[in-house]
Amino acid sequence: MDLGLYIHIPFCSAICNYCNFNRGLFDAALKERYVAALMREIAGSGDGAAADTIFFGGGTPSLLEPSEVAAIIGACRTAFAVTADAEITLEANPETVTAGRLAGFRAAGVNRLSYGVQSFRDDELQRLSRLHSASRAAEAFAMARAAGFDNVSLDLMMWLPQQSIAHWLESVDRLVDLAPDHASLYSLELYPNAPLREAMARSKWSLAPDDDAAEMYLEAMTRLDCAGYRQYEISNVAIPGRESRHNLKYWTDGEWLGFGCGASSTRRGVRWKNLSSTTEYIAAVAAGGHLQAERRELTARDALEEALFMGLRLAGGIDLNVVNLRYGVDVWALYGRELERFRDDGLLIYDGRLLRLSRAGMLLANEIMSLFLSSPVVD
Ligand code: SF4
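Below you will find a few notes about this structure.

Bringing the environment of Ala37 into the picture now. As for its position among the elements, Ala37 is in helix H1 (residues 28-45). Ignoring anything within four residues of it in the chain, the contact list for Ala37 reads Tyr281, Ile282 and Val285.

To continue, consider the packing of helix H6 (residues 165-178) against helix H8 (residues 210-226). Running from amino to carboxyl end, H6 crosses H8 at an angle of 20°, the nearest separation of the two axes being 10 Å. The pairing of H6 with H8 is recorded here as roughly parallel in orientation. H8 is crossed by H6, and the crossing has right-handed handedness. Counted together, Ile165, Trp168, Leu169, Val172, Asp173, Leu175 and Val176 of H6 and Asp212, Glu215, Met216, Tyr217, Glu219, Ala220, Arg223 and Leu224 of H8 form the full contact between these two elements. Here the contact of H6 with H8 is built from residues that sort into 10 nonpolar, no polar and five charged.

Position of Tyr232 among the secondary structure elements: in strand S9 (residues 230-233). Not counting the four nearest positions on each side in its chain, Tyr232 is found in contact with His182, Val237, Ala238, Glu243, Ser244, Leu248, Trp251, Arg313, Leu314 and Ala315.

Within the largest apolar cluster, 102 residues are counted, with the highest numbers of intra-cluster contacts made by Ile7, Phe56, Phe80, Leu113 and Tyr115. Residue contacts for Leu113: discarding those within four places in its chain leaves Leu90, Ala92, Leu102, Ala144, Phe149, Asn151, Val152 and Ser153. Core analysis: the second largest hydrophobic core is formed by 13 residues, Cys16, Met157, Tyr191 and Leu196 among them.

So, on to the packing of aromatic side chains. Tallied over the full model, the rule gives nine aromatic pairs. An angle of 50° between the planes, with centres 5.4 Å apart, marks the rings of Tyr34 and Tyr281 as tilted. Note that Tyr34 is positioned in helix H1 and Tyr281 in helix H10 (residues 278-286), a separation of 247 residues in sequence. Like Tyr34, the residue Tyr281 is buried in the burial classification. An aromatic cluster of three or more residues is present, and its members are Phe11, Phe26, Tyr34 and Tyr281. The cationic tip of Arg106 hangs over the ring face of Phe149; the distance from NZ or CZ to the ring centre is 5.2 Å. For the cation-ring pair, Arg341 lies above Phe342, with the distance from its terminal atom to the ring centre recorded as 4.6 Å.

Here we take up the sheet that holds strand S16 (residues 348-350). Taken in spatial order, the three strands line up as S15-S17-S16 in an open sheet, and their pairing is antiparallel. Bordering the open sheet on either side are strand S15 (318-319) and S16, each of which pairs with just one other strand. The pairing of S15 with strand S17 (residues 354-357) spans two bridges and is antiparallel. Bridging from a neighbouring strand, Asp319 pairs with Leu354 of S17.

To continue, consider helix H5 (residues 134-146). Between its first and last C-alpha atoms H5 spans 19 Å; for 13 residues at 1.5 Å apiece the expected length is 18 Å, and the two agree. Buried within H5 we find Ala134, Ala137, Ala138, Ala140, Phe141, Met143 and Ala144. Each element contacted by the buried residues of H5 is listed here: helix H3 (99-108), strand S6 (112-118), helix H4 (122-127), strand S7 (152-158) and H6. In the stretch just after H5, Gly148 is the one whose phi turns positive, near 100°.

Considering the arrangement of structural elements, one finds Thr89 in strand S5 (residues 81-92). Here the side chain of Thr89 touches Arg112 through a polar contact of 3.3 Å, side chain to side chain. For Thr89, the residues in contact, after removing those within four places along its chain, are Ile54, Phe55, Phe56, Val110, Arg112 and Ser114.

In the contact formed by helix H2 (residues 66-79) and H3, the axes pass within 8 Å of each other and the chain directions differ by 15°. With respect to H3, the element H2 is oriented roughly parallel. Like other packed secondary-structure pairs, H2 and H3 cross with a definite hand, here right-handed. When H2 is examined against H3, the residues Pro66, Val69, Ala70 and Ile73 are found in contact with a partner set consisting of Arg101, Gly104, Phe105 and Ala108. In the contact of H2 with H3, the residues fall into six nonpolar, one polar and one charged.

So, on to unusual backbone geometry. For the peptide bond that leads from Gly58 to Gly59, omega is 15°, which places it in the cis range. Relative to the helices and strands, Gly59 is located in the loop between strand S4 (50-58) and H2. One non-glycine residue, Ala179, lies in the positive phi region at around 60°. Summarising the element assignment, Ala179 is placed in the loop between H6 and strand S8 (182-187).

Cut-off values and rules
- Residues numbered from 1 in each chain as written.
- Predicted model: local features only at pLDDT ≥ 70, side-chain atom pairs only at ≥ 80, totals over all residues.
- Heavy atoms only, no water.
- Helix = DSSP H or I, 4+ residues; strand = E, 2+ residues; numbered from the N terminus.
- Contact = heavy atoms within 4.5 Å.
- Axes fitted to C-alpha atoms, helices over the stretch in contact; angles between N-to-C directions.
- Parallel < 35°, antiparallel > 145°, perpendicular 65-115°, else oblique.
- Left-handed = near helix turned anticlockwise from the far one by under 90°.
- Nonpolar A, V, L, I, M, F, W, Y, C, P; charged D, E, K, R; others polar.
- Core = buried A, V, L, I, M, F, W, Y, C linked by side-chain atoms within 4.5 Å.
- Buried < 20%, exposed > 50% of the residue type's maximum accessible area, 1.4 Å probe, protein only.
- Phe/Tyr/Trp six-rings, centres within 6.5 Å; stacked < 30°, edge-to-face > 60°.
- Lys NZ or Arg CZ within 6 Å of the ring centre and 35° of its normal.
- Pairing = 2+ DSSP bridges.
- Expected span 1.5 Å × (residues − 1).
- Polar contact = N/O pair within 3.5 Å; in protein donor to acceptor, adjacent residues only side chain to side chain.

Set out below in structure tokens:
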């Protein structure tokens, strides 16, 4: 399988009150130094291997100038054998794009856009301290189509403060009306010190009960099914053929290289992660020093657990014959007794070869998948 290349852009125009990603406030001078460091890291890592995806994630990659995106893609092409049909994705925030910038990104080689919309209701966007409005998100989508992007993904977040099932489904319906090629639906996860927690306490905003959250997920998926999308992962749906080729590498035991601060890589049985701090990363690149903050060889057990854990996220599930050939482990023989209980409850489906979660099982994915962790089976 060809490599995926991930490029981390850690800058945002403002910091959202729920966000726990590796990012900081935009600073034009720092960004220029960072892009130069990225180019140097990419050039120094290249070995001519084939790569068929490039993914600009963040942060807010759409704060880059199109010329910077073009230069980074150029560096990837010089260092790796990027295939002619490579999927090149740029994550974008609706408020950062204009027709001119989108045309520039397209000319730079970007062929897939992923917009962080989160909601099509202004009150919800304001509670999340997002900078765009619902109408700006729709406009940004229309501008992407006008600029020639025929592969656009929209992200929505559910289980937001004060969000009812009906409010959530308004956003889902609005998304369906726009007809993007791909959509990602995530639940809001509040990390312990998130400023949004304080805002919720101050303003007495609450979250819908768990049962409502389950209904939000199931009803959204049903509506997306009816609109012609195919769910291919717990949180992701696509028009057939428009699945994210880059993200599939994470879920299908693939290999990828991450560039930039905090970016992680997995290749040839080794996983590593770069320094998280933007300035430390830039300084380490400039000094020709060591960029890796963490590095570990994956044991056979790590690799098996991950293959099962990530593979079960896929709607198509895991082919246990393939796992057996690759890892020499008969998963059903080892875990079958415990898995049987989930199968009896309709949460897991197993046909003797493919093991997959039912949609109801996807709601309990973590509980089911935790079975595969810390069981002393292989080493
Ligand atoms: S725009 Fe995205 S990455 Fe930036 S702060 Fe908001 S949620 Fe985080």
